[in-house]
Amino acid sequence: MNILIINGSPRKKGLISQMLGIMRDEAEKRGDTVQMVYTNDLNIKPCIGCMLCRKNKKCAIAEDDSQRVLKMMQEADAIIMGAPCYWGNIPGQMKLMFDRQVYGMMRDTARFPEPLMKGRKCILVSTSTTPWPWNILFKQSRGAIRAMREIARYAGFKIVKTIERGGTAQHPELTEEDKQKCLNAIRKL
């Protein structure tokens, strides 16, 4: 299986990176091909809202890393997206990437958007400094999951697992339970 991991965290040693690393290692152990993209390392110009990509099926802005990652997504059997919660949402660089890829993830039709990533499985992971259960009740980690879920749903991914971890400020280390959730999630792909 070809798996693409999209890491929306700017912290390469943070909890999101550690959780995605556990999933990467487990997938590689079972023989999967795994690629990891760090959105903060990408050079991406912002979407200008011209909507030409919807008509031309190609972005009007000069090619950058958003198209490279879109091609990787199109070649993957499964996607794992991980992002910390920033103001109840995903970090801006990750959102910027997805804004520029919309033409390759869904197509406009007269009635409903047509998903272009059907048949691919997806895992969503988020963390929040807000303690559990408040991270969910106040829509902190839940907000980041909601944003990634919406992208995945419109693109046609089948979400097989979501992981939300709250309270990272008070408990900045992964627990054995966190690690087990990651191992269980990768087994669903």
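See the structure above.
Model, not experiment: these values are computed from the prediction. (Residues numbered from 1 in each chain as written. Predicted model: local features only at pLDDT ≥ 70, side-chain atom pairs only at ≥ 80, totals over all residues. Heavy atoms only, no water.)

1. Topic: the side chain of Glu-26
To keep things clear, this is the line we draw: In this description a helix means any DSSP run of H or I spanning at least four residues, a strand means any run of E spanning at least two, and both kinds are numbered starting from the N terminus. Any two residues whose heavy atoms approach within 4.5 Å at even a single point are treated as in contact.
Note that Glu-26 resides in helix H1 (residues 15-29). Excluding residues within four positions of it along the chain, Glu-26 makes contact with Leu-183, Ile-186 and Arg-187.

2. Describing empty space enclosed by the protein
Rolled over the atoms, a probe as big as a water molecule pinpoints where empty space is left. Put simply, the test is: Only protein atoms enter the 1 Å grid, on which a cavity is a set of points fitting a 1.4 Å probe that cannot get out and a pocket is an open set with protein on both sides within 12 Å along at least 5 of 7 lines, lining residues being those with an atom within 4 Å of a point. Grid points are joined across faces, edges and corners, and a volume is the space filled by probe spheres set on the points. The classification used treats Ala, Val, Leu, Ile, Met, Phe, Trp, Tyr, Cys and Pro as nonpolar, Asp, Glu, Lys and Arg as charged, and all other residues, Gly among them, as polar.
In this structure the tally under the stated criterion is one cavity of 30 Å³ or more. Looking at the largest cavity, its volume works out to about 50 Å³. Around the largest cavity sit Cys-53, Arg-54, Lys-57, Tyr-103, Met-106, Arg-107, Asp-108 and Leu-116, which together line it. Within the residue set of the lining of the largest cavity, elements represented by two or more residues are helix H2 (52-56) and strand S4 (106-107). Within the lining of the largest cavity, the residues separate by chemical class into four nonpolar, no polar and four charged.

3. Regarding the sheet that holds strand S3 (residues 78-84)
Convention followed: Two strands make a pair as long as DSSP finds a minimum of two bridges between them. Only the stretch in contact is used when a helix axis is fitted, and all axes are lines through C-alpha atoms; the angle between N-to-C directions ranges over 0 to 180 degrees.
Spatially, five strands are ordered S2-S1-S3-S6-S7 in an open sheet, and the strand pairing comes out parallel. Edge strands, defined here as strands with exactly one partner in the open sheet, are strand S2 (33-38) and strand S7 (158-165). Neighbour to neighbour, the strand axes of the sheet diverge by 15° on average, direction disregarded. Examined bridge by bridge, strand S1 (residues 2-7) and S2 share six bridges and lie parallel to one another. Bridge assignment links Ile-6 to a residue of S2, and that residue is Val-37. Each of S1, S2, S3, strand S6 (121-127) and S7 is contacted by H1, which is oriented at about 150° to S6, the strand it contacts most.

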